[in-house]
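Here is what each chain is made of, one letter per residue.
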Amino acid sequence: MARTPRREVIDESTVGVFHCVNRCVRRAFLCGQDPVSGQDFDHRRAWIQRRMEFLAGEFGVEVLGFAVMSNHLHVILRTRPDVVAEWSDNDIALRWWNLFPLRREQDGSPAEPTEAELGMLLCDSKVLAERRQRLSSLSWFMRCLAEPIARRANKEDECTGRFWEGRYKCQPLLDEAALLACSVYVDLNPVRAGIAATPETSRHTSGYERIEARKATSDTARHSKRSTDDWLSPIELDEQSERSTAPPARRASHRGYLSLDLTAYLKLLDWTGRQIRRGKRGSIPSDLAPIMERLQISSDLWVDTVQNFRKLFHRAAGSPATLAAEAARQGKRWLAGMQTARECFAG
């Protein structure tokens, strides 16, 4: 079946949240311990994470969650054309230079541009407008993430050819319930794969980074240092904090994405991970039940939905109402066969 054109899935003029997946060619373990050759490429997972951190500070695309696995990558992104629209022309030019510098330092980082070099980027208003649009583009973010990793890995292996099997797969997340389920699904990928026992040992995931940052800020000796997860979007939606805080340096905005705080999210993440590891559904603790009620999620089917997220949701994820609206927007009919997911998000 032909893949839906990306332009029908993504409306780049509006804020949107998407679950993106990119796999290594032939699903080989090119970012982990290769069982065939015995080579260890685990260090490349750190390459990918550092590249995402850099891009989060340059693009108007926010990283809500991620998991870098041995042979594939999950990342949850929110496009922010509304934020990019407020950036000055100088901001656009400088960010574009940082992404595609004409000069670099010895360590490979972008060199400081001269006034003349910035002037060249500012002189054509039509080109500048195009670059402004690209700085909130999901496709350009994923391109700037995937291509440098592929080139670097090929150089290390002294070979040519594909590193990724093809273009990334993209799945719109249409409401908060879908976003919560997808976030937990992504953060628990190492647990589900059997390469980590708990979220706090699941390295190269957003859950691990948030837990490590919380540990650091609880240590009074390190409290004044920059948070290690400040490039990730905060969990909790807090409009007052968004308005009262200066713009961040390492991400597009202070805007959160869930109506629960980090403590509640990590508690739900830990509980769900335990059920998946044991192969049991269990029961939702009483203090977690209100979270499910607020988001209109059936607690009985929560674990099944997280564990089988990619099987239950294909083109998009959301409640029956939001899925119907998205199908209508695209002029498609693809709600059949999603009964379990529809029951889970039916409230």
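None of these values were measured; they are calculated from a predicted model. By convention here, each chain's residues receive numbers from 1 onward along its written sequence. Only residues with pLDDT of at least 70 are given local features in this predicted model, and only at 80 or more are side-chain atom pairs given and counted; all residues enter the totals for whole chains, interfaces and linings. Heavy atoms throughout the structure, all of them, feed into the side-chain values; hydrogens and water do not.

## Structural notes on the overall build of the chain
Put simply, the rule is: Numbering goes from the N terminus for both helices and strands, where a helix is a DSSP run of H or I of at least four residues and a strand is a run of E of at least two. Buried, partly exposed and exposed residues are distinguished by accessible area as a fraction of the type maximum, computed with a 1.4 Å probe on protein chains only: under 20%, between the cut-offs, and over 50%, respectively. Contacts are residue-level and defined by heavy atoms, with any inter-residue pair within 4.5 Å sufficient. Note on areas: these come from Shrake-Rupley sampling with a 1.4 Å probe, and a residue is covered only by the protein chains present in the view.
In terms of helices and strands, the chain carries 17 helices and 4 strands. For the chain, buried positions account for 51% of its 347 residues. Long-range contacts, defined as pairs at least 24 residues apart, comprise 68% of the intrachain contacts of the chain with a sequence gap of at least 6. Total accessible area on the chain stands at roughly 17,400 Å², and carbon and sulfur atoms take up 48% of it.

## A short note on helix α2 (residues 43–58)
Put simply, the test is: Here a helix's expected span is defined as the number of its residues, less one, multiplied by 1.5 Å.
The first and last C-alpha atoms of α2 sit 24 Å apart over 16 residues, in line with the 22 Å expected at 1.5 Å per residue. Counting buried positions over the 16 residues of α2 gives 12, a clear majority of the element.

## Overview of the confidence of the model for the chain
Which entries qualify depends on this criterion: Scored from 0 to 100, pLDDT reflects the predictor's confidence in each residue.
Here the chain shows a mean pLDDT of 87. Residues at 70 or above account for 89%. This model gives residues 220–224 a pLDDT under 50, and the stretch forms 3 contacts once residues within four places in sequence are excluded.

## A short note on the side chain of Asn154
So the rule is basically this: Under the rule applied, a polar contact is a pair of N or O atoms within 3.5 Å (in protein, one hydrogen donor and one hydrogen acceptor; residues adjacent in sequence only if both atoms are side-chain atoms).
Mapping Asn154 onto the fold places it in helix α7 (residues 138–157). Here Asn154 falls in the buried class, since its relative accessible area comes to 13%. A polar contact of 2.8 Å, which involves the side chain of Asn154, links it to the backbone oxygen of Gly161. Dropping the residues within four chain positions of it, Asn154 is found in contact with Cys159, Thr160 and Gly161.

## Quick notes on the nonpolar core
This is how it is decided: Joining through side-chain atoms within 4.5 Å is the link that ties buried Ala, Val, Leu, Ile, Met, Phe, Trp, Tyr and Cys residues into a set, and such a set is a nonpolar core.
By size, the foremost hydrophobic cluster in this structure holds 48 residues, and its most contacted members are Cys20, Ile48, Met52, Phe59, Val63, Leu77 and Phe163. Those elements that provide at least two residues to this core are β1 (16–23), α2, β2 (61–68), β3 (72–79), α3 (81–84), α4 (89–99) and α7. Ranked by residues supplied to this core, first place goes to α7 with 10 residues. Counting 44 residues, the second-largest nonpolar core is a separate cluster that includes Ala264, Ile291, Met292 and Leu295.

## Looking at the pattern of salt bridges
Our working definition: The salt bridge criterion pairs a side-chain nitrogen of Lys or Arg with a carboxyl oxygen of Asp or Glu, the two atoms within 4 Å.
A full pass over the atoms with the stated rule returns 17 salt bridges. Linked by salt bridges that have partners in common, Glu62, Arg78, Arg80 and Asp82 make up one network.

## Some words on α7
Its 20 residues give α7 an end-to-end C-alpha distance of 29 Å, which sits within 8% of 28 Å, the value for a rise of 1.5 Å per residue. Three or more residues of α7 are buried, namely Leu138, Trp140, Phe141, Met142, Cys144, Leu145, Ala146, Ile149, Ala150, Ala153 and Asn154. The residue sitting at the N-terminus of α7 and contributing the capping side-chain oxygen is Ser137; that oxygen lies 3.3 Å from the backbone nitrogen of Ser139.

## Brief notes about the packing of α4 against helix α5 (residues 115–122)
As a reminder, the rule being used: To get an axis, fit a line to the C-alpha atoms, keeping to the stretch in contact for a helix; angles then go from 0 to 180 degrees between the N-to-C directions. Should an angle fall under 35 degrees it is called roughly parallel, over 145 degrees roughly antiparallel, and 65 to 115 degrees roughly perpendicular, with every other angle called oblique. Polar here means any residue other than Ala, Val, Leu, Ile, Met, Phe, Trp, Tyr, Cys and Pro, which are nonpolar, and Asp, Glu, Lys and Arg, which are charged; Gly is therefore polar.
One can describe the packing of α4 onto α5 by two numbers: an axis separation of 9 Å at closest approach and a directional angle of 110 degrees. Accordingly, the angle class assigned to the pair α4 and α5 is roughly perpendicular. Along its contact with α4, which presents Asp89, Asn90, Ala93, Leu94, Trp96 and Trp97, the element α5 presents Glu117, Leu118, Leu121 and Leu122. Of the residues assigned to the contact of α4 with α5, the class counts are 7 nonpolar, 1 polar and 2 charged.

## Thoughts on the pairing of β1
Which entries qualify depends on this criterion: Strands pair, by our definition, only if DSSP identifies at least two bridges between them.
Most of β1 sits inside the fold, with 8 of its 8 residues counted as buried. In β1, alternate side chains face the same way, and those of Gly16, Phe18, Cys20 and Asn22 on one face and Val17, His19, Val21 and Arg23 on the other are all buried. Bridge count between β1 and β3: 8 bridges; the pairing is antiparallel. Opposite Phe18, over in β3, you have Leu77 as the bridge partner. Looking at chain direction, β1 and strand β4 (residues 169–172) are connected through 4 bridges and run antiparallel. When the bridges of β4 are listed, Cys20 appears paired with Cys170.

## Description of the pairing of β2
Counting buried positions over the 8 residues of β2 gives 8, a clear majority of the element. Of the strand pairs in this sheet, β2 and β3 are connected by 7 bridges, and their pairing is antiparallel. Within the sheet, the bridge partner assigned to Phe66 lies in β3 and is Val75. Linking β2 to β3, which pair antiparallel, is a turn of 3 residues.

## Focus: the sheet that holds β1
Spatially, β2-β3-β1-β4 is the arrangement adopted by the 4 strands of the open sheet, whose pairing is antiparallel. The open sheet has two edge strands with one neighbour each: β2 and β4. Put simply, the sheet's adjacent strands are angled 20 degrees from each other on average, direction ignored. Each of β1, β2 and β3 touches helix α8 (residues 176–187); the most contacted strand, β3, lies at about 150 degrees to it.

## Some points on the packing of aromatic side chains
Both the distance between ring centres and the angle between the ring planes are used here to describe each pair of aromatic rings. Rule in force here: Working definition: rings of Phe, Tyr and Trp (its six-membered ring) pair if their centres are within 6.5 Å, and the pair is stacked with planes under 30 degrees apart, edge-to-face with planes over 60 apart, and tilted otherwise. Geometrically, a charge over a ring is one whose NZ (Lys) or CZ (Arg) sits within 6 Å of the ring centre while staying within 35 degrees of the ring normal.
This model, assessed by the stated rule, comprises 8 aromatic pairs. Ring plane angle 75 degrees and centroid distance 5.5 Å describe the contact between Phe59 and Phe141, whose orientation is recorded as edge-to-face. Note that Phe59 is positioned in the loop between α2 and β2 and Phe141 in helix α7, a separation of 82 residues in sequence. Just as Phe59 is buried, Phe141 falls in that class too. Centre to centre, the rings of Trp96 and Trp140 are 5.7 Å apart; their planes meet at 50 degrees, and the pair counts as tilted. Of the two residues, Trp96 is situated in helix α4 and Trp140 in helix α7; the sequence distance between them amounts to 44 residues. Trp140 carries the same exposure label as Trp96, and that label is buried. Within the aromatic cluster, the residues linked to one another by ring pairs are Trp96, Phe100 and Trp140. When the ring centre of Trp87 is taken as origin, the NZ or CZ atom of Arg95, which lies over that ring, is 3.7 Å away. Looking at Arg143, its charged tip hangs above the ring of Trp140, at a distance of 4.4 Å from the centre.

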